[in-house]
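# A structural walkthrough
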Amino acid sequence: MEVYSNENEQVDALRRFFASNGKALVVGVVLGVGALAGWRFWSNHQDGSARETSAAYQQVTSALDASKPNTLDAVSQFASQNSNTYGALAALDLAKQYVEQNQLDKAAAQLQTGLKATQDANLLAVLNLRLARVQLQQKQADEAIKTLDAVKGEGWTAIVADIRGEALLSKGDAQGAREAWSKGIASEASPALKEMMQMKMNNLG
């Protein structure tokens, strides 16, 4: 669905970035570390750790299969043991599987785990958007709206507006939903998403 495409594209871009730029990520951290010898040792260690974590992430997520509980357990363990972007991505992958199985409580728990694991702004936005959707499915409209408030960045304005409109409508606030969707249509949304929000507004009468 178009509603999900921007999020999915962002996640794929993040995966490619962290897979190919592990060394660059640690260089920024190690700048300022005292002695040259210490810097070299620390940099090499962190670079190796990043490669190992990336490889482990690829291994557990490529084997992910909802019909095989052991693969779900492996990804869950990886996510809980890695408080970094790879752990957050693993939690995101696992949450998707749980949503497809309609295990919404487990999906929400994984997304919360992911939110605690990363500081990447775009990945945090994706995790919060997915969490808001799950909360909406759980009939937790107020919680979904609070979650949406945590999404930062103009690039997410339209998707936030779409979900916010759904949450407000589920609370019986048709006017609030109309205003949210109007804001989304006025933003830099994709034509398909704008059309979808316009249809929702039209259905309000």
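Since this is a predicted model, take the numbers as computed values, not measurements. (Residues numbered from 1 in each chain as written. Predicted model: local features only at pLDDT ≥ 70, side-chain atom pairs only at ≥ 80, totals over all residues. Heavy atoms only, no water.)

### Regarding the side chain of Asn-128
Defined as follows: Only DSSP runs of H or I reaching four residues or more are called helices, and only runs of E reaching two or more are called strands; each is numbered from the N terminus. Relative accessibility decides the category of a residue: with a 1.4 Å probe and only protein chains considered, values under 20% of the type maximum give buried, values over 50% give exposed, and everything between is partly exposed. Here, residues are in contact when the closest pair of their heavy atoms is within 4.5 Å.
By secondary structure assignment, the location of Asn-128 is in helix H7 (residues 121–137). Its relative accessible area of 8% is what places Asn-128 among the buried residues. With sequence-adjacent residues up to four places away left out, Asn-128 is seen in contact with Leu-115, Thr-147, Ala-150 and Val-151.

### Concerning the packing of helix H5 (residues 85–100) against helix H6 (residues 104–117)
Each pair of packed helices gets described by two things: the angle between the helix axes and the distance between those axes. Put simply, the rule is: Simply put, an axis is a line fit to the C-alpha atoms, just over the touching stretch for a helix, and the angle between two N-to-C directions goes from 0 to 180 degrees. Working definition: roughly parallel below 35 degrees, roughly antiparallel above 145 degrees, roughly perpendicular at 65 to 115 degrees, and oblique for all remaining angles. By the definition used in this description, the sense in which the near helix is turned from the far one sets the handedness, with an anticlockwise turn below a right angle giving left-handed and a clockwise turn giving right-handed. Gly counts as polar in this scheme, as do all residues outside two lists: the nonpolar Ala, Val, Leu, Ile, Met, Phe, Trp, Tyr, Cys and Pro, and the charged Asp, Glu, Lys and Arg.
Contact geometry for H5 and H6: axes closest at 8 Å, N-to-C directions at 165°. The orientation of H5 with respect to H6, classified from their angle, is roughly antiparallel. Once H5 is placed against H6, the crossing between them reads as left-handed. Taken together, the residues of H6 that come into contact with H5 (itself represented by Thr-85, Ala-88, Ala-91, Leu-92, Leu-94, Ala-95, Tyr-98 and Val-99) are Leu-104, Lys-106, Ala-107, Gln-110, Leu-111, Gly-114 and Ala-117. Classifying every residue of the contact of H5 with H6 by side-chain character gives 11 nonpolar, three polar and one charged.

### Regarding the pattern of salt bridges
Our working definition: Salt bridges are identified by distance alone: a Lys or Arg side-chain nitrogen within 4 Å of an Asp or Glu carboxyl oxygen.
Summed over the entire model, instances satisfying the criterion amount to six salt bridges. A salt bridge links Lys-171 to Asp-142; the nearest nitrogen and oxygen atoms lie 2.6 Å apart. Of the two residues, Lys-171 sits in the loop between helix H9 (157–170) and helix H10 (174–186) while Asp-142 sits in helix H8 (residues 141–149), which places them 29 residues apart along the sequence. A residue is classified by how much of its surface remains accessible, and Asp-142, at 44% relative accessible area, is partly exposed. For Lys-200, the salt bridge identified is with Glu-166, shortest N-O distance 2.7 Å. Of this pair, Lys-200 sits in helix H11 (residues 191–203) while Glu-166 is found in helix H9, placing the two residues 34 residues apart along the sequence. For Lys-200, a relative accessible area of 17% translates into the label buried. When salt bridges with common partners are traced through the structure, they connect Asp-162, Glu-166 and Lys-200 into a single cluster.

### Comments concerning H11
Stated precisely, the cut-off is as follows: Working rule for helices: expected span equals 1.5 Å times residues minus one. It is the directions from the helix axis to the C-beta atoms whose arc is reported.
With 13 residues, H11 ought to run about 18 Å at 1.5 Å a step, and its terminal C-alpha atoms sit 18 Å apart, in line with that. Taken together, the buried positions of H11 are occupied by Leu-193, Met-197, Lys-200 and Met-201. Projection of H11 onto a plane perpendicular to its axis shows the buried side chains occupying an angular sector of 100°, all on one side. Turned more than 90 degrees away from the buried face of H11, the exposed residues are Pro-191, Glu-195, Asn-202 and Asn-203. Residue Gly-205 follows H11 closely and has a positive phi angle near 90°.

### Some points on the nonpolar core
Applied cut-off: Working definition of a nonpolar core: buried Ala, Val, Leu, Ile, Met, Phe, Trp, Tyr and Cys residues. They are joined through side-chain atoms within 4.5 Å.
By size, the foremost hydrophobic cluster in this structure holds 50 residues, and its most contacted members are Leu-111, Leu-127, Leu-129, Trp-156 and Ile-163. Filtering out sequence-adjacent residues up to four positions away, Leu-127 remains in contact with Ala-88, Leu-92, Leu-111, Gly-114, Leu-115 and Thr-118.

### Considerations on the packing of aromatic side chains
Our working rule: Only rings of Phe, Tyr and Trp enter the pairing, Trp through its six-membered ring, and a pair is recorded when the two centres are within 6.5 Å. The plane angle decides the type: under 30 degrees is stacked, over 60 is edge-to-face, the rest tilted.
Under the definition given, this model contains two aromatic pairs. Seen from their ring centres, Tyr-57 and Phe-78 are 6.2 Å apart, and the 45° between their planes marks the pair as tilted. Taken together, the residues span a long stretch of sequence, with Tyr-57 in helix H3 (residues 36–62) and Phe-78 in helix H4 (residues 69–81) at a distance of 21 residues. We classify Phe-78 as buried; its relative accessible area is 7%. Summarising the aromatic geometry, the rings of Tyr-57 and Tyr-86 are spaced 6.1 Å apart at their centres and angled 45° between planes, so their arrangement reads as tilted. On the criterion of sequence distance, the pair formed by Tyr-57 in helix H3 and Tyr-86 in helix H5 is long-range, its members being 29 residues apart. The class for Tyr-57 is buried, based on a relative accessible area of 2%.

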